[in-house]
Structures are given as structure tokens and as C-alpha cells.
Amino acid sequence: MSINLFNNYLNRIYSKFYDICYENYKGLTKNPKWLLMRKIARFKTGRAMMIFFLKRSVKLYSSVFNESNCYFPDVNVDDVVNTLKTEGLYLGINLPQDIVKEIVEFAHSTVCYGNRKTNMGFFYDQKEQAQTKSGKHFLIGSYFNTSLLCPAIKKLQNDPKLLAIATKYLDAQAVHQGNLMWWSFSGVITYRQKSQAAQLFHYDIDDYRFLKFFFYLTHIDDQSGPHVCVRGSHNKKKLSHLWLRKRETDQDITDYYGSESLVKICGKAGFGFAEDPLCFHKGITPTHKDRLILQIEFARTDYGMQHDFRAASLLKYI
């Protein structure tokens, strides 16, 4: 037992060290402004100061809203924004089933990429053969260039209701930062693999204020990787969570925020929700059924770091 505990401790140290090195390397080589933001934005005072100094004019959400072009006519902007401010989470922004069908058909007919590697392309129903051929174990299968290849996703990222919600919540004209769509594959994985697949509690820092919309594209129950959000944790964190930002254990999160703050989100294909990703969150590792999910992200600034665009010349099929 003591050996397992020691190994877990070493895994956490290694995971944290790797994440710090990778973040600094990526920021210094791609966008130093993004790296600076990441250092400042973890602190509430830092976010407030930068938002004040970088203040921009706000386009009223009513001016960007066009009912005829909207996937979500029954969603009330004010209700969503007010709930997000207090809880960091709003459930029930659901996709029409014809749009779910279109995106799922796109996912099955388009190459995804194992563990986000551009040279590990395969079709979803050929995953086992791709793993055997490559000698790799795939935790996830990600799609690239989604808005360029799938008209339904392109329309969704421009949906006036989503833009209205984001603009009002961000208190600035919302900028689309990027999309992510990926499979989370079922199975038993290690601590390090859970960290790589965002299946341990963490919070994101993509801007001084930002917002994500998530849409389940497969039915999600306890066995297929439900998303878990710690309600209200975008507004309150203990000092160690700010200074020593890392993947947190379930016990640590429960001890500080209380089990009643953890919201496990299950739902049928098409179920959607908005989340302030400064809340602690994670995807539970699927045990029996794979999960397909789509993420649309908005922020005050696009640093060019969150999009899924990849040059066609880089994309290789196994």
C-alpha cells in the first residue's frame, strides 16, 4: 500500500512538472501574451485589474440576436447569465436532434486523431485496428478543422443566442476562441493518462474572462464519462489552488467545497450546458461506453491558442 501511495505521489509531481514546462514552452514559442495572461488570470484581483485596463465597449446582446437564425429560441439570455454568475454553470441549452444527427454523421465519416496527434488519424469504427497498427493506446480521438468541415458546427459557433449569452457574461463583445470535438474512449487508465485526458479536477485559464458551451453528442450516463463541475468554484478557491495550480484529487475538492457542490452532468445526445471554466471540473473516465462531446468557446480575446485548426499537410492517416 505504501508503495502505491509513493508511486501516486511521484506521478503527481511528474505530471505537475511536465504541465509547467509544457505551458511555458508553448507560451514562449507561440504567444508570450497568452503566457503572461495565464500567470495573472489565476488570481481574481489580477483578472479584475486587467479587465479594467483592457476595457472594451460592449455591444448589447439584443443587437446581435436574431431569432430566425437561432438553434435555441427558448433559452433566456438573462436567466443563463445570472445563473452563471452565481453558480458558474447553466444546464439545458439543448441542440435540436437534426443538428445532433448531422454532427454525429460528420464524426463517423471524418478522420479523428488519437491523443490529439496529427499523425495518428483513423475513423472511429477502426480504432482497434489503428491502435494495433500504431502500437499506441488512445485515450481520446480528436477532430481538427471542425468549423471548416462541418456546416452545422460552423453555424453553431455563430449562433446569435450563444453570442448573446457570452457577450453579456463577458461584459465585452464575445470573440470566438475555438471549437473542440473529441471522443473519450472507455477503459481503465492510469493517473498520468487521466491527467492528459482532463479526467482529473482542474480549472482552465484561457483569458481574463471566458465561457464554454458543451454539447453531448452521445447519450451520457454514469458509465460513459459524465462531466462534473464544482458549482461556485469560479468565485472562490483556497490559496493552494491558486498558487499551486495542478490536477486536484476528488478528496481535496470534496473536503473544501463539499460534496453538495459537485454536479455530475448526465443527459441524452443533444444535452448542452454553459460553464465558466474557472470552475473546477473534469470528465469522468468512461468505463463501458465511449463519449463524444463538442465544445464551443468564447472569450474577450482570441490568443490563437484554443482553436482546432491544423494544416492539411500535417494530418496523417495511420
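Keep in mind the model is a prediction, meaning the values are calculated, not measured. (Residues numbered from 1 in each chain as written. Predicted model: local features only at pLDDT ≥ 70, side-chain atom pairs only at ≥ 80, totals over all residues. Heavy atoms only, no water.)

**Examining unusual backbone geometry**
Condition: Per the convention used, a helix needs a DSSP run of H or I reaching at least four residues, while a strand needs a run of E reaching at least two, with both numbered from the N terminus.
The phi dihedral of Asn 115 is positive, around 55°, even though this residue is not glycine. Within the secondary structure, Asn 115 is located in the loop between strand E2 (112-114) and strand E3 (121-122). With a phi close to 60°, Asp 171 is a non-glycine residue in the positive phi region.

**Focus on the packing of aromatic side chains**
Each aromatic ring pair is characterised by the separation of its centres together with the angle its planes make. The line we're drawing: Aromatic pairs are defined between Phe, Tyr and Trp rings, using the six-membered ring for Trp, whenever the two ring centres lie within 6.5 Å; interplanar angles under 30 degrees are classed as stacked, those over 60 as edge-to-face, and all others as tilted. Note on exposure labels: buried denotes an accessible area under 20% of the residue type's maximum, exposed denotes more than 50%, and partly exposed covers the range between, all computed with a 1.4 Å probe on protein chains only.
For the structure shown, the criterion picks out 19 aromatic pairs. The interplanar angle of 85° and the centroid separation of 6.2 Å between the aromatic rings of Tyr 71 and Phe 72 together place this pair among those described as edge-to-face. The exposure classification of Tyr 71 matches that of Phe 72, with both residues buried. On the numbers, 6.4 Å between centres and 40° between planes, the contact of Phe 122 with Phe 185 is tilted. Remark: Phe 185 occurs in the loop between strand E5 (175-184) and helix H11 (191-196) and Phe 122 occurs in strand E3; sequence separation between them is 63 residues. As far as the burial class goes, Phe 122 and Phe 185 line up, both buried. An aromatic cluster is built from Phe 122, Tyr 124, Phe 138, Trp 183 and Phe 185, whose rings are joined through pairwise contacts.

**Regarding the sheet that holds strand E8 (residues 262-265)**
Hydrogen bonds between backbone atoms are what pair the strands of a sheet, whose relative direction is either parallel or antiparallel. What counts, and what does not: A pair of strands is considered paired only if DSSP assigns at least 2 bridges between the two. Angles shown run from 0 to 180 degrees and are taken between the N-to-C directions of axes, each axis being a line fitted to C-alpha atoms and, for helices, limited to the stretch in contact.
Read across the sheet, three strands follow the order E8-E7-E10 without closing on themselves; strand pairing throughout is antiparallel. Two strands close off the open sheet at either side, each with one partner strand: E8 and strand E10 (281-283). Recorded for the sheet is a direction-independent mean angle of 15° between the axes of neighbouring strands. Across three bridges, the pairing between strand E7 (residues 227-230) and E10 is antiparallel. In the sheet register, Cys 229 faces E10, and the bridge partner there is His 281.

**Quick word on the confidence of the model for the protein**
Note the threshold: Looking at any residue, its pLDDT shows the predictor's confidence there, from 0 to 100. In what follows, a contact means two residues having at least one pair of non-hydrogen atoms within 4.5 Å.
On average, residues of the protein score 89 in pLDDT, and 88% of them are at 70 or above. Residue range residues 60-64 is modelled with pLDDT below 50. Its contacts to residues more than four positions away, or to other chains, number eight contacts.

**Let's talk about a nonpolar patch on the surface**
Put simply, the rule reads: In this analysis, a patch consists of residues with relative accessible area above 30% that form no salt bridge, clustered at 9 Å for like charges and at 5 Å for the nonpolar side chains Val, Leu, Ile, Met, Phe, Trp and Tyr. A 1.4 Å probe and the Shrake-Rupley method give the accessible areas. Residues count as covered only by the protein chains that appear here. Each salt bridge in this description consists of a side-chain nitrogen of Lys or Arg and a carboxyl oxygen of Asp or Glu lying within 4 Å of one another.
A cluster of nonpolar side chains, contributed by Met 49, Phe 52, Phe 53 and Leu 54, occupies part of the molecular surface with about 460 Å² of accessible area. Topologically, Met 49 is positioned in helix H3 (residues 44-53). According to the relative accessible area criterion, Met 49 is partly exposed, its value standing at 45%.

**A closer look at the pattern of salt bridges**
Scanning the model with the defined rule gives 11 salt bridges in all. A salt bridge links Arg 38 to Asp 206, with the nearest nitrogen and oxygen atoms 3.9 Å apart. Within this pair, whereas Arg 38 is found in helix H2 (residues 32-40), its partner Asp 206 is found in the loop between H11 and strand E6 (210-216), the two being separated by 168 residues in sequence. With a relative accessible area of 12%, Arg 38 lands in the buried category.

**Regarding the nonpolar core**
Nonpolar side chains in soluble globular proteins generally cluster together in the buried interior. Counted only if it meets this: Residues enter a nonpolar core if they are buried and are Ala, Val, Leu, Ile, Met, Phe, Trp, Tyr or Cys, with the set joined through side-chain atoms within 4.5 Å.
Ranked by internal contacts, the top residues of the largest apolar core, which has 50 residues, are Phe 72, Ile 93, Ile 103, Ile 165, Met 181, Phe 213 and Phe 215. Among the elements that line this core, the one with the most residues is helix H10 (residues 160-170), at seven residues. The contacts of Ile 103, once residues within four sequence positions are left out, are Leu 95, Cys 150, Ala 152, Ile 153, Met 181, Leu 217 and Leu 294. Judged by nonpolar contacts, the second largest core, of 20 residues, contains Trp 34, Met 37, Ala 41 and Met 305.

**Observations regarding the pairing of strand E9 (residues 272-275)**
Every second residue of E9 is oriented toward a common face, with Gly 272 and Ala 274 on one face and Phe 273 and Glu 275 on the other, all of them buried. With three bridges connecting them, strand E1 (residues 89-91) and E9 associate as antiparallel partners. Within the sheet, the bridge partner assigned to Leu 89 lies in E9 and is Glu 275. Where E6 and E9 come together, four bridges link them in antiparallel fashion. Bridge pairing in E9 links Lys 212 to Glu 275.

**Thoughts on helix H6 (residues 97-109)**
Within an α-helix, residues lying three or four positions from one another point in the same direction, as the helix has 3.6 residues per turn. So the rule is basically this: Any helix carries an expected span of 1.5 Å times its number of residues minus one. By arc we mean the arc of the directions from the helix axis to the C-beta atoms, nothing more.
The end-to-end C-alpha distance of H6, which contains 13 residues, comes to 18 Å, matching closely the 18 Å that a straight helix rising 1.5 Å per residue would cover. Taken together, the buried positions of H6 are Ile 99, Val 100, Ile 103, Val 104, Phe 106 and Ala 107. Down the axis of H6, the buried side of the element spans an arc of 155°, and every buried residue falls inside it. Exposed residues lying more than 90 degrees from the buried face of H6 are Gln 97, Asp 98, Lys 101 and Ser 109. In this fold, the buried residues of H6 make contact with strand E4 (140-143), helix H8 (146-149), helix H9 (151-157), E5 and strand E11 (291-299).

**Digging into the sheet that holds E1**
In spatial order, the strands read E1-E9-E6-E11-E5-E4-E2-E3; together these eight strands make up an open sheet with antiparallel pairing. In this open sheet, the two strands that pair with only one neighbour each are E1 and E3.

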